[in-house]
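Examination of the molecular architecture
Okay, here's what each chain looks like letter by letter:
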Amino acid sequence: MSKAAISIKPTGRLTLGDTLRILVNDGILDKVLAEKLYKDRKLDSSNLHPLVVIGEQKWKNLKTPNNAITVEWLSSWLAGHAGLDYYHIDPLKLDFGSAAQIVSKGYAERLKIMPIAVKDGAAVIATTEPFNTEWVEDLERVLKMKVKLVFANPLEVSRYLPEMYSLANSMHAANQAKAGQIVGVQNFEQLVELGKDKNLDANEQHVVNIVDWLFKYAFEQRASDIHLEPRRNMGMMRFRIDGVLHQVYQLPPNIMNAITSRIKLLGRMDMVEKRRPQDGRIKTLSAEGQEIELRLSTMPTAFGEKLVMRIFSPDISGKDFLSLGFSQAQSDKWNAWTKAPNGIILVTGPTGSGKTTTLYSTLKLLATSEVNVCTVEEPIEMVEPAFNQMQVQTNIGLGFADGIRTLMRQDPDIIMVGEIRDLETADMAIQAALTGHLVLSTLHTNDSPSAVTRLLDLGVPSYLIHSTVLGIMAQRLVRTLCPSCKAPEPIEQSKWDALVGPFKLPKPANIYKPVGCLECRNTGFRGRSGIYEMLTITPSLRKLITPDTNLAKLTKLAQQEGMQPLVINGAEKVAAGLTTIEELLKVAPPLDTD
C-alpha cells in the first residue's frame, strides 16, 4: 500500500489492496485509513469479499455529499470502474428454474458468480469478481450463447445463491414427482387428461421448502396478500405490496396444486374438497421470530383452486392512531367518541381501506382489565387474546344479529360488530347501544354522511339514529412516498385550487413526486397511510336526519360544522410531502362543488 496509487485495472481475483488503492486514487478514501486497514487485515483468513471488509468500517466518502461508504455504494462504484452494469438482485424477479440451469451450484460458488436469466439469446450472469473473466470464453463455448456480465453486491450473491439453487432443486423435484392419485376433477380442462397422474403429495419435502420460501419472501417484501392463481398452462404467484399487485413467479400447474394442498393442510381445511370455497387460517413466525397470522380463502375457478392469503402482522393492530395517519385533532376526536359510555361508532369505506386495523387498534386500547370487550365477526380477522371473539357461522344459522343477541347476555361493556349489512343486525346493534353498551361497527359507504342514508335505507327509524349514533368515520389508504428518493416539484395554483375547491387550503411551496430506489423496489412508494373524514352527530345535524333526509344538505352542514372531507385530509398529506395528488384521487371521492 505504500507504493504510489495506481489507476490501472487489477487482473484476476480482487484483493483488499487493489480495492483500497483504487479508492485512495479516486480521492474517496484517506490513504492513512486505507493503509491501517490493509495492515490490520493482512493476515486475516476470513475469506470475506474486499467490499464487505471496507463496508464494515462505516467510513464516510471524502467527496461531497460525503455519503456513507456502504457495500451497496461500493458495489455500484466498482461496477462503473470495471465497465459493467450494476445489477441489484431482487429475489421476486429471479427466474430460479431457468437461471439455475445455466451453470451448476459448485461452478457458481467457485467463481463467485450467480446466474440471473437468459435474455435475448444471452446468459446474464452476476459476478463479484469483475476482473476475473478468463472463464467467460469457456462458458460461452459450452452454452453456445453469449455471456453478459453484470456486477452485483457480494452480500446479495452470498445470500441468494444457495437459496436459488435450493428452490430450483425443490421445483425440479416437485415437477418430476409422481405421487398420489387424482381426486375428483380439479379443473374443467383436466377431463381430457384424467389418465395422467398429476397430483403431488402435499407433505413432500420439496413442496414444504417452496411454501416456506413463499411465506418468507412475502413477509420480507411487506406483502399484505399472497395470490396463487391457476391458469391454463401455468400458475401465477402474485404479492400485493402497498395496495398494488406484483407478479412474483410462474409455476407449472402440478406444483401450484401441490403448494395449494400444502397450505390447505396447514390451514386445517378440507384438502379433498376442491369444488366449494373454503376459509382457514395459519399462525406462523417471521424470520425475526414475530408471530404472523394468515387468513386463507380458496375459490374454485375454471383451471383449479385459487388461493388468497391475507397477512396480518400483530404490530399493525398495535399501532397508535398517529402512526396510522390520524392528525392530532382527529386522534383527539376519535378518543372522545370511544370514551363515551354508550352509543354507536361507525367506520365506513370499501374493502381494503384499513377499517379492521383501525377497529382492532381501538379495541386493544379499550380492552383494559376493567372492561369486557366482545366481538362478532365474519371471519375473525386476527385472533386477539385481549378480547372475546365470536365467528359468524351462517351454515348453522348463527348470523350477526344472533351473535349480538348472544353477546348481550355475556355482560359486555364494548361490542364490535364486523359489519352491519341488514335491518336485523342494525336493530340489534341499536338495542345494544340503547341498553348502555358502546358498539363499534363497519358499513360499506363512500363517505361519512352516506352512512346515515344507508341506515335509513335498511329501515332504521331516524329517531333511533338520533339517539344512538355518536360519530361516523370514513377512511381510505393512500400509498406514501418513499422518504429515501422522493423529489420536490412545483405545483400550479390552478391545479391546487381544483383539488381543494372552496376549502382554501394554502398552496405548499412544493409537492413531492415519486422517483424510485432500492429501498422502495423502484416504485417510488413505501408503506401506506390513512386519510379520514370524521362526522360527529351534533344537535343541528340530528334535525336534518329525517325519514327523507337530503344527503347534500346533510353533507354541507357537516362541513360547516368542521367535518373535513377525505380529499381535503388527503390534500394536507400531499402538502406535507407524504403522498401525491394522483394517489389521492385514486382512492378519495372528489369534492361535490355544487
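Residues numbered from 1 in each chain as written. Predicted model: local features only at pLDDT ≥ 70, side-chain atom pairs only at ≥ 80, totals over all residues. Heavy atoms only, no water.

1. A closer look at the packing of aromatic side chains
Keep this limit in mind: Any two of the Phe, Tyr and Trp rings considered here, Trp counted by its six-membered ring, make a pair once their centres fall within 6.5 Å; the pair's planes then place it as stacked at under 30 degrees, edge-to-face at over 60, or tilted in between. Put simply, DSSP marks the helices as runs of H or I at least four residues long and the strands as runs of E at least two long, and each gets a number from the N terminus on. The rule is simple: take the accessible area with a 1.4 Å probe, protein chains only, and divide by the maximum for that residue type; under 20% is buried, over 50% is exposed, in between is partly exposed. Any Lys NZ or Arg CZ found within 6 Å of a ring centre and within 35 degrees of that ring's normal is scored as a charge over the ring.
In total, this model carries 10 aromatic pairs according to the counting rule given. Ring geometry for Y160 against Y217: centres 6.4 Å apart, planes inclined by 40°, an arrangement best described as tilted. Separated by 57 residues along the polypeptide, Y160 in helix α8 (residues 154-176) and Y217 in helix α9 (residues 205-220) bring together distant segments of the chain. Of the two residues, Y160 and Y217, neither departs from the other in class, the shared state being buried. Relative to F387, the ring of Y360 lies with its centre 5.9 Å away and its plane at 55°, an arrangement referred to as tilted. Residue Y360 is located in helix α14 (residues 355-366), and its partner F387 is located in the loop between β12 (373-377) and β13 (388-391); the two are separated by 27 residues in the primary sequence. Each of the two residues, Y360 as well as F387, counts as buried. An aromatic cluster is built from F321, F326, W334, W337 and Y532, whose rings are joined through pairwise contacts. A cation over an aromatic ring shows up here: K216 above the ring of Y217, its NZ or CZ 5.4 Å from the ring centre.

2. As for the state of the cysteines
Selection rule: When the sulfur atoms of two cysteines come within 2.5 Å, that pair is taken as a disulfide.
Inspection of every chain in the model, using the stated rule, returns 0 disulfides. Free cysteine C482: the closest other cysteine sulfur is in C517, separated by 3.8 Å. On the basis of relative accessible area, C482 is assigned to the buried category, the value being 0%.

3. Focus on the nonpolar core
Let me state the cut-off plainly: Here, nonpolar core refers to any group of buried Ala, Val, Leu, Ile, Met, Phe, Trp, Tyr and Cys residues whose side-chain atoms link them within 4.5 Å. These domain boundaries are the output of an automatic or database domain assignment.
By size, the foremost hydrophobic cluster in this structure holds 89 residues, and its most contacted members are L214, F239, I263 and M309. Here this core gathers at least three residues from each of two domains, domain 1 (12-157) and domain 2 (201-312). Counting 39 residues, the second largest nonpolar core, distinct from the first, contains V392, L407, I420 and A429.

4. Quick word on the sheet that holds strand β4 (residues 146-152)
Here is the rule we go by: Should DSSP find at least two bridges between two strands, the strands are regarded as paired. Geometry is summarised by axes, namely lines fitted to C-alpha atoms with helices restricted to the contacting stretch, and by angles between N-to-C directions that run from 0 to 180 degrees. Residues count as neighbours in contact if any of their non-hydrogen atoms are within 4.5 Å of one another.
If you walk across this open sheet you meet the 4 strands as β1-β4-β3-β2, and the pairing is mixed. One side of each edge strand has no neighbouring strand; the edge strands of this open sheet are β1 (85-87) and β2 (113-119). Across this sheet, the average inter-strand angle for adjacent strands is 40°, counted without regard to direction. The strands touched by helix α4 (residues 71-82) within the sheet are β1 and β4, with β1 carrying the most contacts at an inclination of about 155°. Packing against the sheet, α8 makes contact with β2 and β4, and its axis sits at approximately 70° to β2.

5. With respect to the domain arrangement of the chain
For clarity, the cut-off: Accessible surface is computed with a 1.4 Å probe, and the buried area is the amount of it that two parts give up when combined, taken over both parts together. The term salt bridge refers to a pairing of a side-chain nitrogen on Lys or Arg with a carboxyl oxygen on Asp or Glu at a separation within 4 Å.
We note that the domain assignment places domain 1 (12-157), domain 2 (201-312) and domain 3 (321-477 + 528-566) within the chain. Here the C-alpha centroids of domain 2 and domain 3 sit 32 Å apart. Each partner contributes residues to the interface: domain 2 has 7 residues there, and domain 3 has 7 residues. Of the roughly 720 Å² buried between domain 2 and domain 3, counting both surfaces, carbon and sulfur atoms make up 49%. Ranking the residues of domain 2 by area buried against domain 3 places R281, R295 and F312 at the top, with a combined share of 53%. The salt bridge involving E381 is made with R295; its shortest N-O contact spans 1.9 Å.

6. Regarding the environment of S327
By secondary structure assignment, the location of S327 is in the loop between α12 (321-324) and α13 (328-338). What makes S327 partly exposed here is its relative accessible area of 27%. For the pair S327 and F131, spaced 196 residues apart in sequence, the C-alpha to C-alpha distance is 54 Å.

7. A short note on the pairing of strand β14 (residues 414-417)
We count it as follows: Orient the strands so they point away from the viewer, and a crossover whose first-strand-to-second-strand path over the helix runs clockwise is right-handed.
Burial along β14 is two-sided: I414 and M416 and I415 and V417, pointing in opposite directions, are all buried. Two strands pair when backbone bridges link them, and β12 and β14 are joined in this way by 4 bridges, in the parallel orientation. Looking at β14, one finds that V373 is bridged to I414. Here 4 bridges tie β14 to strand β15 (residues 438-443), and the two strands are oriented parallel to one another. Note on β15: the bridge partner recorded for V417 is S441. In this region the chain leaves β14, passes through helix α16 (residues 423-434) and returns to the parallel neighbour β15; the handedness of that crossover is right-handed.

8. A few points about the sheet that holds strand β6 (residues 235-241)
One open sheet accounts for 6 strands, arranged β7-β6-β5-β10-β9-β8; its pairing is antiparallel. Unpaired on one side and paired on the other, β7 (244-251) and β8 (278-285) mark the two borders of the sheet. Neighbouring strand axes in the sheet, compared pairwise and without regard to direction, differ in orientation by 20° on average. Bridge analysis of β8 against strand β9 (residues 291-301) gives 8 bridges, and the strand direction is antiparallel.

9. With respect to the packing of α8 against α9
Definition in use: Our angle categories are set so that under 35 degrees counts as roughly parallel, over 145 as roughly antiparallel, 65 to 115 as roughly perpendicular, and the remainder as oblique. Throughout, a crossing is termed right-handed when the near helix is turned clockwise from the far one, and left-handed when it is turned anticlockwise from it by less than a right angle. Under the convention adopted here, Pro, Cys and the residues Ala, Val, Leu, Ile, Met, Phe, Trp and Tyr are nonpolar, Asp, Glu, Lys and Arg are charged, and Gly plus all remaining residues are polar.
α9 packs onto α8 with a crossing angle of 135° between their chain directions and a minimal axis gap of 8 Å. Considering their axes alone, α8 and α9 lie oblique with respect to each other. Remark: the crossing between α8 and α9 carries left-handed chirality. Contacts from R159, Y160, E163, L167, S170, M171, A173 and A174 in α8 reach H206, V207, N209, I210, W213, K216, Y217 and E220 in α9. For the contact of α8 with α9, the class distribution of residues is 9 nonpolar, 3 polar and 4 charged.

10. What about the UniProt feature "domain: Bacterial type II secretion system protein E" (unreviewed entry) in the chain?
The condition that has to hold: UniProt positions are given in the numbering used here, feature names are shortened, and annotations may be inferred rather than shown by experiment.
Residues given the UniProt feature "domain: Bacterial type II secretion system protein E" (unreviewed entry) here are residues 408-422. Between the C-alpha atoms that bound residues 408-422 there is a distance of 19 Å. The span itself is 7% helix and 27% strand.

11. Considerations on the pairing of strand β16 (residues 469-481)
Counting buried positions along β16 gives 11 out of 13 residues, so the element sits mostly inside the fold. The sheet contact formed by strand β11 (residues 343-348) and β16 spans 5 bridges and is parallel. Of the residues in β16, the one forming a bridge with V347 is M473. With 10 bridges joining them, β16 and strand β19 (residues 525-536) adopt antiparallel strand pairing. Bridge pairing in β19 links Q475 to Y532.

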